[in-house]
Amino acid sequence: DARAQPASGPSRFQPEARADFIGARAAAAHVGAGVSVPASTYVRLGMVAAAGQAWSDGEVAIAGRVDGLVRFIVAPYASGGVSAIYDRAEDWRAVLVGVLGIEGPAARGVVPAVEVGFGGGVRVGVAIRRAMTGRR
C-alpha cells in the first residue's frame, strides 16, 4: 500500500514547541511554536512565533513575539538573531537575541532543550524539538 510507505529521505524541517519567560520592564511569559531547517551540519535557520501575557505596573496585557534565529549546534549550542516583540506597555519593538542552550538526548523522536540568554530582556526557555536522524 503506497500510503504505508515512509517518505523518501529524512525531513529537513524540525518543528518545536516551547515556553519562555522574558524578564524586562514588562515581564512576559510566552508559549509558542517554531520550525528550523538545516543550513549545514552545524547550523540551523529557524523561526518562532509565541504569545502570552506581560505584566507591567500591576497591569496584565497580551504579549507576543516573532523570532528569526540562527542556531549553531555544538555542545552547548549558541543561537542569535532578531525578534519583534509586542506588549501593551512598550508596543512593537525590534531587539537582538542571543541565547546559549543545551539539548538533552533524543527519546521517542523528540529532543528536549533548555536555553538562557537575552532579547528584549533576560530570556529563559524550554523547548521540545523533533529529533533529526543523521544530524547533530
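Attention here is on the structure that accompanies the text. (Residues numbered from 1 in each chain as written. Predicted model: local features only at pLDDT ≥ 70, side-chain atom pairs only at ≥ 80, totals over all residues. Heavy atoms only, no water.)

### Re the environment of Ser 36
For clarity, the cut-off: Labels follow the DSSP assignment, with helices taken as runs of H or I lasting at least four residues and strands as runs of E lasting at least two, numbered in each case from the N terminus. Only protein chains enter the accessibility calculation, which uses a 1.4 Å probe. A residue is then buried if its area is under 20% of the maximum for its type, exposed if over 50%, and partly exposed in between. Any two residues having at least one pair of non-hydrogen atoms within 4.5 Å are treated as being in contact.
Here Ser 36 shows up in strand 2 (residues 27-38). Taking relative accessible area as the criterion, Ser 36 reaches 2% and is therefore assigned buried. For the pair Ser 36 and Val 74, spaced 38 residues apart in sequence, the C-alpha separation works out to 16 Å. In this structure Ser 36 touches Arg 12, Phe 13, Gln 14, Arg 44, Leu 45, Gly 46 and Arg 71, once residues within four positions along its chain are discounted.

### Looking at the environment of Ala 50
Tracing the chain through its elements places Ala 50 in strand 3 (residues 43-56). With a relative accessible area of 9%, Ala 50 lands in the buried category. Between the C-alpha atoms of Ala 50 and Ala 33, which are 17 residues apart in sequence, the distance is 6.4 Å.

### Digging into unusual backbone geometry
At the junction of Ala 75 and Pro 76, the peptide bond is cis and its omega measures out at -5° in the coordinates. If you trace the backbone, Pro 76 turns up in the loop between strand 4 (59-72) and strand 5 (77-87). Despite not being glycine, Asp 57 has its phi angle at roughly 50°, a positive value. If you check the backbone angles, Asp 91 has positive phi at about 60° while not being a glycine. As for its position among the elements, Asp 91 is in strand 6 (residues 91-103).

### Remarks on the side chain of Arg 123
Note the cut-off: Counted as a polar contact is a pair of N or O atoms within 3.5 Å, where, for protein atoms, one must be capable of donating a hydrogen and the other of accepting one, and residues adjacent in sequence contribute only when both atoms are in side chains.
Inspection of the secondary structure assignment puts Arg 123 in strand 8 (residues 122-130). Residue classification places Arg 123 among the buried residues on the basis of a relative accessible area of 7%. In this structure the side chain of Arg 123 is engaged in a polar contact, spanning 3.3 Å, whose partner is the side chain of Ser 83. Not counting residues up to four positions away in its chain, the partners in contact with Arg 123 are Phe 21, Ile 22, Arg 65, Asp 67, Ser 83, Ile 85, Val 97, Glu 115, Val 116, Gly 117 and Phe 118.

### Description of the pattern of salt bridges
What counts is decided by this rule: For this document, the term salt bridge refers to a Lys or Arg side-chain nitrogen within 4 Å of an Asp or Glu carboxyl oxygen.
On inspection of all chains with the given rule, the structure shows 13 salt bridges. Linking Glu 16 and Arg 129 is a salt bridge whose minimum nitrogen-to-oxygen distance equals 2.8 Å. Of this pair, Glu 16 sits in strand 1 (residues 14-23) while Arg 129 sits in strand 8, and the two are 113 residues apart along the sequence. A residue is classified by how much of its surface remains accessible, and Arg 129, at 1% relative accessible area, is buried. One salt bridge in this structure joins Asp 87 and Arg 93, with 3.1 Å as the shortest N-O distance. Overlapping salt bridges, with partners in common, bring together Glu 16, Arg 18, Asp 20, Arg 65, Asp 67, Glu 103, Glu 115, Arg 123 and Arg 129 in one network.

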